[in-house]
Amino acid sequence: MMEAPEFSHIVKLSEIGSTPRTGTLSASEEERSKLAQRFDLPKITSLDASYSLLAGGDRISFTGRLESDLQQRCSVTGESFQVRLREPFDIAFVPKLEIEGTDEEIELTEDDCDVIEYEHGQLDLGEAIAQTLYLALAPFPRGPNADVVAQKILTSEAEAGPFGALAALKDKLT
């Protein structure tokens, strides 16, 4: 059996009417701490979302805005620095498809990227917010001192290739 996500907020389909349901979600200190660990972040100071939920056919529309203050590690220096995320989201919850015995590749379009499958007649709004937060993070964050440190390591533009910093660092150490 799967362990519950760190920031779980379950809504049953039977609780969603034909009119938009609005609300807010805020992660507790414990939930933020566990999410920071999961996403390898030094700290998540706040994680809040305002949303609207609307049923329409076999899709449930989950739209709103995520706001989070957190710390990321600079990919150049390794130092922690503050990040403020303000991210709109537009997610469609759809019933989970049971596809058996197929090795066929399924190609996703851009529209499919914000689709989350649900099962057992319930949606996890908290996990959807957590995934949205993760996707909003810069994959190679650069802190305020990144350029200064990079300039000290790299002496020319030619060394700036994917392994240039490592080669320059190796030369300085030997």
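For the structure itself, look to the data block above.
Reading the values: the criteria
- Residues numbered from 1 in each chain as written.
- Predicted model: local features only at pLDDT ≥ 70, side-chain atom pairs only at ≥ 80, totals over all residues.
- Heavy atoms only, no water.
- Helix = DSSP H or I, 4+ residues; strand = E, 2+ residues; numbered from the N terminus.
- Buried < 20%, exposed > 50% of the residue type's maximum accessible area, 1.4 Å probe, protein only.
- Areas by Shrake-Rupley, 256 points an atom, 1.4 Å probe, with all protein chains shown as cover.
- Pairing = 2+ DSSP bridges.
- Axes fitted to C-alpha atoms, helices over the stretch in contact; angles between N-to-C directions.
- Contact = heavy atoms within 4.5 Å.
- Arc of directions from axis to C-beta.
- Core = buried A, V, L, I, M, F, W, Y, C linked by side-chain atoms within 4.5 Å.
- Lys, Arg positive; Asp, Glu negative; His and termini not counted.
- Salt bridge = Lys/Arg side-chain N within 4 Å of Asp/Glu carboxyl O.

Peer 1: Any chance you could explain the overall build of the protein here in plain terms?
Peer 2: The helix and strand inventory of the protein stands at 4 helices and 7 strands. Listing the helices and strands of the protein from first to last along the sequence gives β-β-α-β-β-β-β-β-α-α-α. Going through the 174 residues of the protein one by one, you find that 32% of them count as buried. Total accessible area on the protein stands at roughly 11,800 Å², and carbon and sulfur atoms take up 50% of it.

Peer 1: I would appreciate a short explanation of the sheet that holds strand 4 (residues 59–73) in the present structure.
Peer 2: Remark on secondary structure: sheet strands pair via backbone hydrogen bonds, oriented parallel or antiparallel. Reading across from one edge, 2-3-4-5-6 is the order of the 5 strands in this open sheet, with mixed pairing throughout. Every other strand in the sheet has two partners, leaving strand 2 (21–26) and strand 6 (115–118) as the edge strands with one partner each. Between one strand axis and the next, the sheet turns through 25° on average, direction left out of account. As defined by bridge partners, strand 5 (residues 80–95) adjoins strand 6 across 4 bridges and the pair is classed as parallel. Each bridged residue has a counterpart across the sheet, and for Pro95 the counterpart in strand 6 is Tyr118. Lying over the sheet, helix 1 (residues 29–38) contacts strand 2 and strand 3 (43–56), oriented at roughly 100° with respect to strand 3. Along the sheet, helix 2 (residues 125–136) makes contact with strand 2, strand 3, strand 4, strand 5 and strand 6, crossing strand 5 at roughly 130°.

Peer 1: Can you walk me through helix 1 in this structure?
Peer 2: Structural remark: α-helix, 3.6 residues per turn; residues separated by three or four positions point the same way. Restricting attention to buried positions, one finds in helix 1 the residues Arg32, Leu35 and Ala36. For helix 1, the angular spread of the buried residues around the axis is 105°, confining them to a single face. Of the exposed residues in helix 1, those oriented more than 90 degrees away from the buried face are Glu30 and Gln37. Those residues of helix 1 that are buried are in contact with strand 3 and helix 2. The first or second residue beyond helix 1 is Asp40, which carries a positive phi of 55°.

Peer 1: Is there a simple way to explain the nonpolar core in this structure?
Peer 2: As a rule of thumb, nonpolar side chains are buried together in soluble globular proteins. If you look at the biggest cluster of nonpolar residues, it comprises 36 residues, and the most contacted ones within it are Leu47, Leu53, Phe62, Phe93, Leu125 and Ile129. Listing elements by their share of this core, those giving two or more residues are helix 1, strand 3, strand 4, strand 5, strand 6 and helix 2. Aside from chain neighbours lying at most four places away, what touches Ile129 is Phe7, Leu25, Leu47, Ala49, Phe62, Leu66 and Phe89.

Peer 1: Is there a simple way to explain the side chain of Arg32 in this structure?
Peer 2: With respect to the element layout, Arg32 can be found in helix 1. This buried residue, Arg32, is left without a salt bridge; Glu29 holds the nearest opposite charge, at 5.0 Å. Setting aside chain neighbours within four positions, we find Arg32 in contact with Ala27, Ile44, Thr45, Ser46 and Leu47.

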